[in-house]
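Listed here are the chains, written in short residue letters.
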Amino acid sequence: MTRSFWSRGITLAVVTVGLFVTPVGGSAVAVAAAGTTPFGPERFAHNHATYVITTKSAYYRQVWQSAISAWNRTGAFHFKLGTTKNAQITLKTASKTQAVALGEDVGLTDYWSKNDLLLDVTATLNPTLLKSYAYSRADDVHVAEHELGHAMGLAHNPAEESVMYYRNRSVGIKQVDVNGAKLRYQTPAGQSS
Ligand SMILES: [Zn+2]
């Protein structure tokens, strides 16, 4: 899932979750989207960004790290370790109080963008829900990979064989996702697929 906030300032643009919902259907658009994971208008300036993992849980730290390694191995996007002060992407877990606000979302990605360029992204895993649904460690990593996909600008893929399927649990990063990430960074900010 993704979510964004309206800015109190005038320069930060906002996109709501609605723009990331790709309808499933028999149209040519849906078939084309399934071949390459689609993306929204937002992207980072480059196909790399810095991250910091702030969760205090050693387990979820490793889950985030595994998901980062999996994306970095694809060569489509590179996550580089930053610091708490300057990282462009913050990776965390929801507290029990925040978990209530997340409702049925096992993961969530918030971001700020300006002129469709991503500035500050926060991705959150929801341990309360992941545990109550008895997600395996592999499932947890898939959720983390999904949120990192949003963090770099990917939208949902209507096909189930994609890490960006909106209800994905058991599928890791597929070639359609790698293709989507590569195409996202071959395509200027402001254009979506
Ligand atoms: Zn999502």
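Residues numbered from 1 in each chain as written. Predicted model: local features only at pLDDT ≥ 70, side-chain atom pairs only at ≥ 80, totals over all residues. Heavy atoms only, no water.

Turning our attention to the overall build of the chain. Summing up its helical and strand segments, the chain has six helices and six strands in all. Mapped from its N terminus to its C terminus, the chain presents α and β elements in the order β-α-β-α-β-β-α-β-β-α-α-α. Counting over 193 residues, the chain shows a buried share of 49%. Total accessible area computed for the chain in this model is approximately 9,400 Å², and 56% of it derives from carbon and sulfur atoms. (Helix = DSSP H or I, 4+ residues; strand = E, 2+ residues; numbered from the N terminus. Buried < 20%, exposed > 50% of the residue type's maximum accessible area, 1.4 Å probe, protein only. Areas by Shrake-Rupley, 256 points an atom, 1.4 Å probe, with all protein chains shown as cover.)

Below, the discussion takes up the pairing of strand β4 (residues 89–93). Within β4, four of the five residues are buried, which leaves it mostly tucked inside the rest of the structure. Two elements, β4 and strand β6 (residues 117–125), share five bridges in a ladder whose sense is parallel. The residue of β6 that forms the bridge with K92 is T124. (Pairing = 2+ DSSP bridges.)

The next thing to look at is the confidence of the model for the chain. Counting all residues, the mean pLDDT for the chain is 86, and 82% of those residues have values of 70 or more. Note on residues 5–33: pLDDT under 50 across the span, and 44 contacts to partners over four residues away in sequence or across chains. (pLDDT = per-residue confidence, 0-100. Contact = heavy atoms within 4.5 Å.)

In terms of burial, strand β5 (residues 107–114) is largely enclosed, as six of its eight residues are buried. Here eight bridges tie β5 to β6, and the two strands are oriented antiparallel to one another. Pairing of T109 across the sheet is with A123, part of β6. Hairpin connection, β5 to β6: the antiparallel pair is bridged by two residues, and N115 has positive phi, about 50°.

Attention shifts here to the environment of A159. Secondary-structure assignment places A159 in the loop between α5 (137–152) and α6 (175–186). For the pair A159 and T36, spaced 123 residues apart in sequence, the C-alpha separation works out to 9.7 Å.

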